[in-house]
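Results of the structural survey
If you want the building blocks of each chain, they are given just below.
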Amino acid sequence: MQLSNEEEDYNLSLSKFESMLKTNKVLFFDSEEFEEIILHYLDMGKSALAKKALKLALDQHPKSTGLKLVQVEMLVYDDKLELAEKLLNELYAIEPTNEEIYIQKANIYSKRDQHEKAVELLKIALQYTDDYADVYNLIGMEHLFMDNFELAKQNFIKCLEEDLEDQSALYNVVYCFEFLDQNQDAIVFLNQYIDKNPYSEIAWHQVGRLHYSEKEYESAIRAFDYATLIDDEFLGAFMEKAKAYERLKMYKEAIESYERTIELDDPTSYALLRIGKCYEKLGDKALALKYFNQTVHEDPLLDKGWIAITDFYVRQKNYQKALFYVNKALAIDNQNKNYWKRYASINKNMNSFEEAEFGYRKAVEFGDHSLDTWLFWVDILQYLGEFESAIQTLLEASEYFPEENAIEYRLAGLYFMLTDGTKAKFHLSNGMRLNLENVILLEELFPVVWAKKMVQNYISKYKNL
């Protein structure tokens, strides 16, 4: 690829400067060359070299406004805001119509969280600049900092009107539309943008994303197709297209798109997992299992991979294999509530009730406070005859679900089993108040209690109130 004259000059300047540093010979550069060299080192994160270049530059060009503005930029970068402000005031006295002075002053106010003042200064910069797009972009960012998403959106749109190729403004304007819950408006805007810039793969990708979020999957796929036609290595668009195909249950097409992402880059555990899920939906269990195993090999810390293998064997009712894999997962992360819940469920299916109780206890301990987990745990405690522990567990669960009839009926049954009639009737009344039809739970879970004449009389009395 042939370099332009400008690129060649830039590379020569950089080589000349670095050669000078090695030989300690002082060579001459014009001020613009120095500016490019300094900004190059700043962009590379080499602040020490940038400062060395700036010192040499100011020695050779002590009156250069451009270099002094670069100096201001570096002072702001180092949070030396007062020094930067002082230098800007000196420059303002010399060149009051230099837009960069207002931009840097705005940057200082932004750093101090005085974003409204920053916007005022950027509006003054608009009066003097030739680069309207850059200033509108900066104004948009200041409004984002203030959570003024509508004003931010308007300025990013103005930026794009000045410079269709400004990708950061394009992403930001879509972000504003989405935050304001204006997805359909965003689609209209992007389609108008595409009319002007039809080969913008980013715009097509964003249109696809928005259609996907609106559950318009066919339209999403069309947009992603355009994005990948423009850029056949657009990994994100292939990934999103695969997800849309999955939503439409077009699993073969989804697999093709996921496989394309693997061709473009190293396999991701996410893509491998989704391919496995697609093969399972297609009924190809061998390939599904192959990809699930590849998922956990690629990323042993991804819980979704281990869960996919475990659930696969659970669906086959192969509980020994399921237990083997969930134990492997627990060996890697023994504080994962999802692993413990599956460990409990598998052991319950294998009639290993003590292990199941331990699993549910651990799941709750590590943050699983879903209702079904509490109830499974309690029902096993009851089966094991640990009525007191079951009651304590239900009382704890009731703090998360204070108006849950399933908890109340269980408490009633357990208190009846412990012959504490007062508490039993209290919770039975609560259960019936919350859901009278569900009183059948008492019969299902506590047939001995249900058969008692006193209990039947109490239920009948309540129904007749």
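All figures in this text were calculated on a predicted structure; none of them were measured in a lab.

1. Comments concerning the overall build of the chain
Scanning the chain from terminus to terminus reveals 28 helices and 0 strands. For a compact globule of 465 residues, the expected C-alpha radius of gyration is about 23 Å, and the chain comes in at 33 Å, more than 25% above that figure. Projected onto its principal axes, the C-alpha positions of the chain cover 105 × 50 × 50 Å. If you take every contact in the chain between residues at least 6 apart in sequence, the share linking residues at least 24 apart comes to 48%. Across the chain, the mean location of the 52 positive side-chain charges is 8 Å away from that of the 80 negative side-chain charges.

2. Overview of helix 6 (residues 99-111)
With 13 residues, helix 6 ought to run about 18 Å at 1.5 Å a step, and its terminal C-alpha atoms sit 19 Å apart, in line with that. Turning to helix 6, its buried residues number three or more, namely Ile-101, Tyr-102, Ile-103, Gln-104, Lys-105, Ala-106, Ile-108, Tyr-109 and Ser-110. Lining the buried residues of helix 6 we find helix 4 (65-77), helix 5 (81-94), helix 7 (115-128) and helix 8 (132-145). The backbone nitrogen of Glu-100 has a side-chain oxygen 2.9 Å away, supplied by the residue at the start of helix 6, namely Asn-98. Looking at the residues trailing helix 6, positive phi occurs at Asp-113, about 65°.

3. Overview of the nonpolar core
In this structure, Leu-170, Val-173, Leu-190 and Tyr-258 are the most contacted members of the largest nonpolar core, which totals 84 residues. Among the elements that make up this core, the one with the highest residue count is helix 19 (residues 319-332) (7 residues). Aside from chain neighbours lying at most four places away, what touches Leu-170 is Leu-160, Leu-190, Tyr-193, Ser-200, Ile-202 and Ala-203.

4. Section: unusual backbone geometry
Backbone geometry at Lys-249 places phi at a positive 60°, although glycine is not the residue there. At Asn-351, a residue that is not glycine, the phi angle is positive and equals roughly 60°. Of note, Asn-351 is situated in the loop between helix 20 (337-349) and helix 21 (353-365). The exposure class of Asn-351 is exposed, given its relative accessible area of 55%.

5. Considering the packing of aromatic side chains
Under the defined criterion, the tally for this structure stands at 19 aromatic pairs. Ring geometry for Tyr-212 versus Tyr-217: centroids 5.3 Å apart, planes at 65°, classification edge-to-face. An identical accessibility class is assigned to Tyr-212 and Tyr-217; each is buried. Summarising the aromatic geometry, the rings of Phe-292 and Phe-312 are spaced 6.2 Å apart at their centres and angled 70° between planes, so their arrangement reads as edge-to-face. With Phe-292 in helix 17 (residues 285-298) and Phe-312 in helix 18 (residues 303-315), this residue pair connects regions lying 20 residues apart in the sequence. Per residue, the accessibility class of Phe-292 equals that of Phe-312, and both read buried. Here the aromatic cluster, defined as three or more aromatic residues joined through ring pairs, consists of Phe-292, Phe-312, Tyr-313, Phe-324 and Tyr-325. Residue placement shows Lys-243 over the ring face of Tyr-212; its charged tip is 5.6 Å from the ring centre.

6. Some points on the UniProt feature "repeat: TPR" (unreviewed entry) in the chain
Mapped onto this structure's residue numbering, the UniProt feature "repeat: TPR" (unreviewed entry) falls at residues 201-234, 235-268, 269-302 and 303-336. With 79% helix and 0% strand, residues 269-302 has its two end C-alpha atoms placed 8 Å apart. Taken end to end, residues 303-336 is 79% helix and 0% strand, and its two terminal C-alpha atoms sit 8 Å from one another.

7. Observations regarding the side chain of Lys-153
Residue position: Lys-153 is located in helix 9 (residues 149-162). Within the structure, the side chain of Lys-153 is placed 3.0 Å from the side chain of Glu-150, a separation counted as a polar contact. Non-local contacts of Lys-153, meaning those with residues more than four positions away in its chain, are made with Val-173, Cys-176, Phe-177, Leu-180 and Gln-182.

8. A word on a negative patch on the surface
Taken together, the side chains of Asp-130, Asp-131, Asp-134, Glu-161, Glu-162, Asp-163 and Glu-165 make up a negatively charged region of the molecular surface. Its location among the elements puts Asp-130 in the loop between helix 7 and helix 8.

9. Focus on the environment of Leu-330
Tracing the sequence through the fold places Leu-330 in helix 19. Setting aside anything within four residues of it in sequence, one finds Leu-330 in contact with Tyr-339, Trp-340 and Tyr-343.

What counts and how
- Residues numbered from 1 in each chain as written.
- Predicted model: local features only at pLDDT ≥ 70, side-chain atom pairs only at ≥ 80, totals over all residues.
- Heavy atoms only, no water.
- Helix = DSSP H or I, 4+ residues; strand = E, 2+ residues; numbered from the N terminus.
- Rg over C-alpha atoms; globule rule 2.2 N^0.38 Å.
- Contact = heavy atoms within 4.5 Å.
- Lys, Arg positive; Asp, Glu negative; His and termini not counted.
- Charge placed at Lys NZ, Arg CZ, Asp CG, Glu CD.
- Expected span 1.5 Å × (residues − 1).
- Buried < 20%, exposed > 50% of the residue type's maximum accessible area, 1.4 Å probe, protein only.
- Polar contact = N/O pair within 3.5 Å; in protein donor to acceptor, adjacent residues only side chain to side chain.
- Core = buried A, V, L, I, M, F, W, Y, C linked by side-chain atoms within 4.5 Å.
- Phe/Tyr/Trp six-rings, centres within 6.5 Å; stacked < 30°, edge-to-face > 60°.
- Lys NZ or Arg CZ within 6 Å of the ring centre and 35° of its normal.
- UniProt positions renumbered as here; feature names shortened; annotations may be inferred.
- Patch = residues over 30% accessible without salt bridge, like charges linked within 9 Å, V, L, I, M, F, W, Y side chains within 5 Å.
- Areas by Shrake-Rupley, 256 points an atom, 1.4 Å probe, with all protein chains shown as cover.
- Salt bridge = Lys/Arg side-chain N within 4 Å of Asp/Glu carboxyl O.

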